[in-house]
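Listed below, chain by chain, are the residues.
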Amino acid sequence: QVQLHESGGGLVQPGGSLRLSCVASTRTFTELYMAWFRQAPGEEREFVAATNWNRDITSIRDSVEGRFTISRDNAKNTVYLEMNRLAPKDTAVYYCAAKYGTYATDYGSYTYWGQGTQVTVSS
């Protein structure tokens, strides 16, 4: 079993920054594809970013490209989402996700999920 735990969410003013962290409890972290998703009120869960845990291959959705960065620290079993120049449209619950096998960007393909962390961008 893989357990994921997100942290770092909170309330931030427009233009501000937050860094989300996700710690994975697993002995096979190098075999996992890791991703971030978010779900805004009344919206479907959407892909934000993903990374190949052992090869440093990353993907990020167009709407946050240039503002968000996904990274990881393999020694700490941790994946990060650095969010800069935040806007109210970024308000959502952000979820960490993981899967074995192959790369994917759809939430239905991911097996393991964190509990989510709320990010609210408001003045």
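Rules of the game
- Residues numbered from 1 in each chain as written.
- Predicted model: local features only at pLDDT ≥ 70, side-chain atom pairs only at ≥ 80, totals over all residues.
- Heavy atoms only, no water.
- Helix = DSSP H or I, 4+ residues; strand = E, 2+ residues; numbered from the N terminus.
- Buried < 20%, exposed > 50% of the residue type's maximum accessible area, 1.4 Å probe, protein only.
- Contact = heavy atoms within 4.5 Å.
- Areas by Shrake-Rupley, 256 points an atom, 1.4 Å probe, with all protein chains shown as cover.
- Lys, Arg positive; Asp, Glu negative; His and termini not counted.
- Charge placed at Lys NZ, Arg CZ, Asp CG, Glu CD.
- Core = buried A, V, L, I, M, F, W, Y, C linked by side-chain atoms within 4.5 Å.
- Phe/Tyr/Trp six-rings, centres within 6.5 Å; stacked < 30°, edge-to-face > 60°.
- Polar contact = N/O pair within 3.5 Å; in protein donor to acceptor, adjacent residues only side chain to side chain.

### Examining the overall build of the protein
What the protein contains, in helices and strands, is zero helices and 11 strands. Helices and strands in the protein line up, N terminus first, as β-β-β-β-β-β-β-β-β-β-β. Each of the three principal axes of the protein carries a C-alpha extent, and together these read 40 × 30 × 25 Å. Expressed as a percentage of its 123 residues, the buried residues of the protein come to 45%. If you take every contact in the protein between residues at least 6 apart in sequence, the share linking residues at least 24 apart comes to 57%. Surface summary for the protein: the accessible area is close to 6,400 Å², and the carbon and sulfur share equals 44%. Each charge class in the protein was averaged separately, 12 positive and 12 negative side chains, and the resulting centres sit 4 Å apart.

### A look at the nonpolar core
Counting 27 residues, the largest nonpolar core has Leu 4, Met 34, Trp 36, Leu 81, Met 83 and Tyr 94 as its most contacted members. Mapped by element, the contributors of at least two residues to this core are β3 (18-25), β4 (33-39), β5 (46-52), β7 (68-73), β8 (78-83), β9 (92-99) and β11 (117-121). With residues up to four places along the chain from it excluded, the contact list for Leu 81 reads Leu 18, Arg 19, Leu 20, Trp 36, Val 48, Ala 49, Phe 68, Thr 69, Ile 70 and Tyr 94. Core analysis: the next-biggest nonpolar cluster, separate from the first, contains eight residues, Tyr 33, Ala 50, Ala 104 and Tyr 110 among them.

### A few points about the packing of aromatic side chains
Applying the stated criterion across every chain, the model contains seven aromatic pairs. Relative to Phe 47, the ring of Phe 37 has its centre 5.9 Å away and its plane inclined at 75 degrees; by these criteria the two rings are edge-to-face. Of this pair, Phe 37 sits in strand β4 while Phe 47 sits in strand β5, placing them 10 residues apart in sequence. Considered together, Phe 37 and Phe 47 belong to a single accessibility category, that of buried residues. Seen from their ring centres, Tyr 95 and Trp 113 are 6.2 Å apart, and the 80 degrees between their planes marks the pair as edge-to-face.

### Examining unusual backbone geometry
Peptide bonds are mostly trans, and most non-glycine residues show a negative phi. A positive phi angle, near 50 degrees, is found at Asn 77, a position not held by glycine. Of note, Asn 77 is situated in the loop between β7 and β8. For Asn 77, a relative accessible area of 12% puts it in the buried group. Although it is not a glycine, Arg 85 adopts a positive phi angle of roughly 50 degrees. Position of Arg 85 among the secondary structure elements: in the loop between β8 and β9.

### With respect to the side chain of Asn 77
From its side chain, Asn 77 meets the backbone oxygen of Thr 26 in a polar contact 3.1 Å long. When sequence neighbours within four positions are dropped, the list of residues in contact with Asn 77 reads Cys 22, Val 23, Ala 24, Thr 26, Phe 29 and Trp 53.

Purely geometric stuff here, so don't read any function into it on its own.
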